[in-house]
Amino acid sequence: AKKDGHGSYRFFEAEMDERMQARRHLEIDLRRALALREFVLVYQPQVNLRTNTVTGFEALLRWQCPTRGAVSPLDFIPLAEETGVIIPIGEWVLRTACREAAKWSPAHIVAVNVSAVQFGNPNLVSTIISALAESGLDPRRLELEITESVMLDARGTAHAVLQVLRTMGVRVALDDFGTGYSSLGYLRSFPFDKIKIDQSFVRGTSNDPVGAAIVRAIAELGQSLGMATVAEGVETADQLARVASDGCTEVQGYYFSRPMAPDQIESYLSTRNRT
Ligand code: C2E
Ligand code: CA
Ligand code: CA
Ligand code: CA
């Protein structure tokens with residue numbers, strides 16, 4: 001038994017080693033990807049349900065790796081956050097999104113995902129200021145999408161940073177709402193412009209009365225607080241009809257469009273306007 005234990009311990013060590021190696025490789029590849037310009041942003045429209053117009057686009061990161069293929073952000077953002085590579089990647093995302101959005105009609109905002117780790121970086125505000133200045137984008141056309149984890153810092157620095165940005169006119173959306181621990185408290189502590197209702201509540205089938213009740217409650221909350229409510233992940237006409245009757249003000253999802261390359265935006269908008 002002793003020998004077995006020893007053997008499996010060694011095996012465990014080797015496996016750990018392998019996993020650490022794989023992570024180290026991924027970290028190196030992420031830094032290289034940034035230098036080699038292998039990242040791109042794709043954009044997914046958000047549609048106002050009352051006016052049936054596109055209010056803006058969420059920027060979503062894509063990694064076209066020559067050896068790994070197309071890598072999903074779900075597969076590299078967590079490690080990028082742990083290793084801190086998210087800081088330079090996030091800077092690239094902010095600058096690129098502002099530069100690309102500055103070419104759009106001023107009617108459209110661009111929403112950028114900002115991770116909690118980025119809020120720990122003292123340069124975040126100056127990065128945003130310079131991304132706006134370089135691109136000439138009106139700060140009121142930039143929206144930061146943050147999750148509750150951003151508000152979870154005890155010293156409240158993220159809160160202070162958000163206040164500064166908001167004074168500049170930058171918009172703030174609370175992402176993945178309903179999936180965390182104490183979202184309601186955060187609504188009280190910060191005047192978000194928008195609440196994004198997590199896909200898990202939206203995409204339940206038609207016989208998901210609990211999901212529907214949650215969507216309705218959040219939409220009502222948004223209405224009383226003067227915040228827009230976006231239903232995320234709407235894929236079908238049926239889901240669209242339900243979130244509309246539940247009172248959501250905006251919708252984002254495959255039903256309207258999958259995320260698209262920046263050069264597709266113009267034709268997407270002109271096709272929409274013609275129909
Ligand atoms: P998220 O912020 O919640 O973004 C929404 C995700 O849902 C996107 O996945 C989008 O492509 C997907 N989606 C939109 N509509 C539908 C639909 O109708 N059906 C389904 N099944 N999915 C839909 P994506 O692009 O793979 O991004 C995954 C997550 O990665 C994002 O979740 C966000 O947390 C993170 N992420 C993406 N880009 C960035 C970035 O630039 N910075 C940071 N920090 N995180 C990012
Ligand atoms: Ca988001
Ligand atoms: Ca989300
Ligand atoms: Ca998410």
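In this report, the structure presented in the accompanying data block is examined. (Residues numbered from 1 in each chain as written. Chains lettered and ligands numbered in written order. Predicted model: local features only at pLDDT ≥ 70, side-chain atom pairs only at ≥ 80, totals over all residues. Heavy atoms only, no water.)

**Considering the coordination of the calcium ion (ligand 4)**
Note the cut-off: Only nitrogen, oxygen and sulfur atoms qualify as donors, provided they sit within 2.8 Å of the metal or within 3.2 Å for Na, K and Ca; with water excluded from the atoms, sites may seem incomplete. What counts as a helix is a DSSP run of H or I of at least four residues, what counts as a strand is a run of E of at least two, and both are numbered from the N terminus.
Protein ligation of the calcium ion (ligand 4) involves Asp 176 (OD) and Asp 176 (OD), the donor distances falling in the range 2.6 to 3.0 Å. The distance between the calcium ion (ligand 4) and the calcium ion (ligand 2) comes to 5.9 Å. Structurally, Asp 176 is set in strand β6 (residues 171-177).

**Some details on the pairing of strand β1 (residues 39-48)**
Convention followed: When a residue's accessible area, from a 1.4 Å probe over protein chains only, is under 20% of the maximum for its type it is buried; when over 50% it is exposed; and in between it is partly exposed. Note on pairing: two strands pair once DSSP finds at least 2 bridges between them.
For β1, the tally of buried residues reaches nine of ten residues, placing the bulk of the element in the interior. With ten bridges joining them, β1 and strand β2 (residues 53-65) adopt antiparallel strand pairing. Among the inter-strand pairings, Leu 41 is bridged to a residue of β2, identified as Leu 61. Hairpin connection, β1 to β2: the antiparallel pair is bridged by four residues, and Asn 52 has positive phi, about 55°. Strand direction decides the pairing type here: β1 and strand β9 (residues 250-252), joined by two bridges, are antiparallel. From the neighbouring strand, Asn 48 faces β9, where its bridge partner is Glu 250.

**Observations regarding the coordination of the calcium ion (ligand 2)**
Each donor-metal-donor angle in an ideal tetrahedron of four donors is 109.5 degrees, and each such angle in an ideal octahedron of six donors is either 90 or 180 degrees. Every protein donor of the calcium ion (ligand 2) is listed here as Glu 58 (OE), Asn 113 (OD1), Glu 145 (OE) and Asp 175 (OD), and their distances to the metal cover 2.1 to 2.4 Å. Here the donor residues of the calcium ion (ligand 2) share one chain and are spaced in sequence as E-x54-N-x31-E-x29-D. Distance-wise, the calcium ion (ligand 3) is placed 4.0 Å from the calcium ion (ligand 2), both being coordinated by Asp 175. On the criterion of sequence distance, the pair formed by Asn 113 in strand β4 (residues 109-113) and Glu 145 in strand β5 (residues 142-146) is long-range, its members being 32 residues apart. On the basis of relative accessibility, which here comes to 30%, the residue Asn 113 falls in the partly exposed class.

Distances and angles like these do not, on their own, reveal function.
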